[in-house]
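Residue strings, one per chain:
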Amino acid sequence: MRARTSGGGPYAGRVLSAVGPPVTVRVPAKINLHLAVGDPRPDGYHDLVTVFQALNLTDEVTVTTVVPGAIAPGVSVTTVDGVAGDDVPTDTSNLAWRAVEALARHADRDPDVRVALRKAIPVAGGMAGGSADAAGALLATASLWRLDLGREALMGIAAEVGSDVAFALHGGTALGTGRGERLVPVLSRHTFHWVVAVADHGLSTPSVFAELDRLRARPEAPRRVGDVEPVLEALASGEARSLALLLGNDLQAAAVSLDPGLRRTLRAGVDAGALAGVVSGSGPTCVFLCDGHDAAVRVAAELAGVGVCRTVRVAHGPVPGARVVDGEGGSTGPPRPYDPGPGAYA
Ligand SMILES: C[C@@](CO)(OP(=O)(O)O)[C@H](O)COP(=O)(O)OP(=O)(O)OC[C@H]1O[C@@H](n2ccc(N)nc2=O)[C@H](O)[C@@H]1O
Ligand SMILES: Nc1ncnc2c1ncn2[C@@H]1O[C@H](COP(=O)(O)OP(=O)(O)O)[C@@H](O)[C@H]1O
């Protein structure tokens, strides 16, 4: 079914796409188990060597075809699980919308969709919630439009939208280089159990990178994290205790410098019985590796009682990247053009 708009508005006279059922994609948050940050590049970015892991803390992105007079183009946001969504834009600066626009340019068509975000990933928390929404919007829109896109093409568009978007599509555990957008799957045996301490405020990613540059310009520059190889070996062994000794993040010193209260959060998690804790990405979320699910539940309960953060969540990883989900709001149509494949969470 194709429809032509009538009357005014941005799509007046244009041929609109077939009005198929909405597509819903579930997409995970990430944490960085290892984050080595290089010196600033001429383009303002920093080269990274990072190990991402996707956690079962997910946003849902539903993309619906615009119906003139009924469904307007744009973005709407609802939050769940106590997530504070005030900072999430609903205009064209929303990363999910930017992803739709990037895909529309690639497909040479109008971005004639409505994007509904259901956010459970903390905002500006160092868990790449915006990037997750962008990845979800890309996959959902590509499915809605039944674009014949390969994995490489979709990953390329993802990397244009933001450094972490490609990983949100990929999921699992992966080694990221460049800005973090060049990915290689990492063998990760077993499931790792985490406690996620969500702060009551966000930290701006560019400010944290800038603070690291400032700290590194001083004589007492923070120590850099070690090589990534031992981290990869610990992941392959599946030993949480080995991995705990190796968690490291060059941005942690900068995040703590901007938000000294994080020191207390990190200490409280370990005092509560976690094997180790680390700031995720640019923070301020802190994640704590625990010795199994039951231990994580105990640590979460104790940490929640200390009052060092807004909310505490129990999570595990690795989990798959962005996936079309069936059910209400989802689509049960024929196979989708993009399939990240089983290697996505080796
Ligand atoms: C730090 C990390 C680690 O995974 O995660 P978050 O803490 O944001 O979740 C990422 O590298 C963040 O990726 P993302 O949030 O997509 O960043 P982008 O939108 O690409 O960049 C935002 C800004 O951060 C700085 N930036 C980002 C990535 C990078 N490799 N070097 C940088 O210097 C730049 O100032 C850039 O303008
Ligand atoms: N869909 C989105 N969800 C969350 N934040 C978004 C989104 N689109 C744009 N933003 C902006 O990006 C900033 C960083 O958000 P987020 O991706 O959640 O954190 P981080 O970069 O720390 O992982 C937010 O403060 C917000 O202004």
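Definitions and cut-offs
- Residues numbered from 1 in each chain as written.
- Chains lettered and ligands numbered in written order.
- Predicted model: local features only at pLDDT ≥ 70, side-chain atom pairs only at ≥ 80, totals over all residues.
- Heavy atoms only, no water.
- Helix = DSSP H or I, 4+ residues; strand = E, 2+ residues; numbered from the N terminus.
- Buried < 20%, exposed > 50% of the residue type's maximum accessible area, 1.4 Å probe, protein only.
- Contact = heavy atoms within 4.5 Å.
- Areas by Shrake-Rupley, 256 points an atom, 1.4 Å probe, with all protein chains shown as cover.
- UniProt positions renumbered as here; feature names shortened; annotations may be inferred.
- Pairing = 2+ DSSP bridges.
- Axes fitted to C-alpha atoms, helices over the stretch in contact; angles between N-to-C directions.
- Phe/Tyr/Trp six-rings, centres within 6.5 Å; stacked < 30°, edge-to-face > 60°.
- Near = heavy atom within 4 Å.
- Polar contact = N/O pair within 3.5 Å; in protein donor to acceptor, adjacent residues only side chain to side chain.
- Domains from an automatic or database assignment.
- Core = buried A, V, L, I, M, F, W, Y, C linked by side-chain atoms within 4.5 Å.
- Salt bridge = Lys/Arg side-chain N within 4 Å of Asp/Glu carboxyl O.

**Describing the overall build of the protein chain**
Reasoning step 1: In terms of regular secondary structure, the protein chain is built from 10 helices and 14 strands.
Reasoning step 2: Classification of the 346 residues of the protein chain by burial places 52% in the buried group.
Reasoning step 3: In the protein chain, 75% of the contacts between residues at least 6 apart in sequence involve partners at least 24 apart.
Reasoning step 4: Approximately 14700 Å² of the protein chain is accessible, and the part contributed by carbon and sulfur atoms is 51%.

**Some words on the UniProt feature "binding site: ATP" (unreviewed entry) in the protein chain**
Reasoning step 1: Residues annotated by UniProt as "binding site: ATP" (unreviewed entry) correspond here to Pro 122, Val 123, Ala 124, Gly 125, Gly 126, Met 127, Ala 128, Gly 129, Gly 130, Ser 131 and Ala 132.
Reasoning step 2: Inspection of the secondary structure assignment puts Ser 131 in helix H2 (residues 129-144).
Reasoning step 3: Not counting residues within four places of it along the chain, the set of residues in contact with Ser 131 comprises Leu 95, Asp 164, Val 165 and Ala 168.
Reasoning step 4: Position of Ala 132 relative to the elements: it lies in helix H2.
Reasoning step 5: Once you skip the residues sitting within four places of it in the chain, Ala 132 turns out to touch Val 27, Pro 28, Ile 121 and Ala 168.

**Let's talk about the sheet that holds strand S12 (residues 286-290)**
Reasoning step 1: Taken in spatial order, the 4 strands line up as S11-S12-S9-S13 in an open sheet, and their pairing is antiparallel. The open sheet has two edge strands, strand S11 (276-279) and strand S13 (311-317), and neither has a second partner. The average angle at which neighbouring strand axes cross in this sheet is 25 degrees, direction not considered.
Reasoning step 2: Judged from the 7 bridges that link them, strand S9 (residues 192-198) and S13 form a sheet pairing that is antiparallel. Bridge pairing links Val 196 to Arg 313 in S13.
Reasoning step 3: The sheet strands contacting helix H9 (residues 261-271) are S9, S11 and S12, and the helix crosses S12 at an angle near 15 degrees.

**What to know about the packing of aromatic side chains**
Reasoning step 1: As enumerated under the stated definition, the model contains 1 aromatic pair in all.
Reasoning step 2: Aromatic side chains Phe 52 and Phe 167 sit 4.6 Å apart centroid to centroid with 15 degrees between the ring planes, which places their arrangement in the stacked category. Here Phe 52, found in strand S4 (residues 46-65), pairs with Phe 167, found in helix H4 (residues 165-170); they are 115 residues apart in sequence, far enough to count as distant.
Reasoning step 3: A relative accessible area of 1% places Phe 52 in the buried class.

**Points about the site of ligand 1**
Reasoning step 1: Taken together, 21 residues are adjacent to ligand 1, and His 46, Ser 163, Asp 164, Thr 205 and Ser 282 come closest.
Reasoning step 2: Residue Lys 30 places a side-chain N or O atom 3.1 Å away from an oxygen atom belonging to ligand 1.
Reasoning step 3: Among the domains, domain 1 (15-186) and domain 2 (192-317) are the pair contributing at least three residues each to the shell around ligand 1.

**Remarks on the site of ligand 2**
Reasoning step 1: Close to ligand 2 lie 20 residues; Ala 124, Gly 126, Ala 128, Gly 130 and Asp 133 are nearest.
Reasoning step 2: Within the contact set of ligand 2, a nitrogen atom lies 3.0 Å away from a backbone nitrogen or oxygen of Leu 95.
Reasoning step 3: Here Asp 133 contributes a side-chain N or O atom positioned 2.9 Å from a nitrogen atom of ligand 2.
Reasoning step 4: Relative to its free-state accessible area of 540 Å², ligand 2 is covered by the protein chains to the extent of 80%.
Reasoning step 5: Counting only elements with at least two residues in the shell around ligand 2, the list comes to strand S6 (113-119) and H2.
Reasoning step 6: No other element matches H2, which puts 3 residues into the shell around ligand 2.

**So, the nonpolar core**
Reasoning step 1: Grouped together as the largest cluster of nonpolar side chains are 71 residues, with contacts concentrated most on Leu 103, Val 115, Trp 194 and Leu 243.
Reasoning step 2: Per element, the largest residue contribution to this core is 9 residues, and it comes from H2.
Reasoning step 3: In terms of nonpolar packing, the next biggest core, distinct from the first, is built from 30 residues, Phe 209, Ala 268, Phe 288 and Val 299 among them.

**Section: the pattern of salt bridges**
Reasoning step 1: Summed over the entire model, instances satisfying the criterion amount to 12 salt bridges.
Reasoning step 2: The salt bridge partner of Arg 41 is Asp 43, with a shortest N-O separation of 2.8 Å.
Reasoning step 3: Given a relative accessible area of 23%, Arg 41 falls into the partly exposed group.
Reasoning step 4: Across the pair Arg 241 and Asp 291 runs a salt bridge, and its minimum N-O distance is 2.9 Å. Of this pair, Arg 241 sits in helix H7 (residues 240-244) while Asp 291 sits in the loop between S12 and helix H10 (293-306), and the two are 50 residues apart along the sequence.
Reasoning step 5: Taken together, the shared-partner salt bridges in this structure form one network comprising Arg 41, Asp 43 and Asp 47.

**A look at the side chain of Gln 53**
Reasoning step 1: Topologically, Gln 53 is positioned in strand S4.
Reasoning step 2: Among the polar contacts made by the side chain of Gln 53, one reaches the side chain of Trp 194 at a distance of 3.1 Å.

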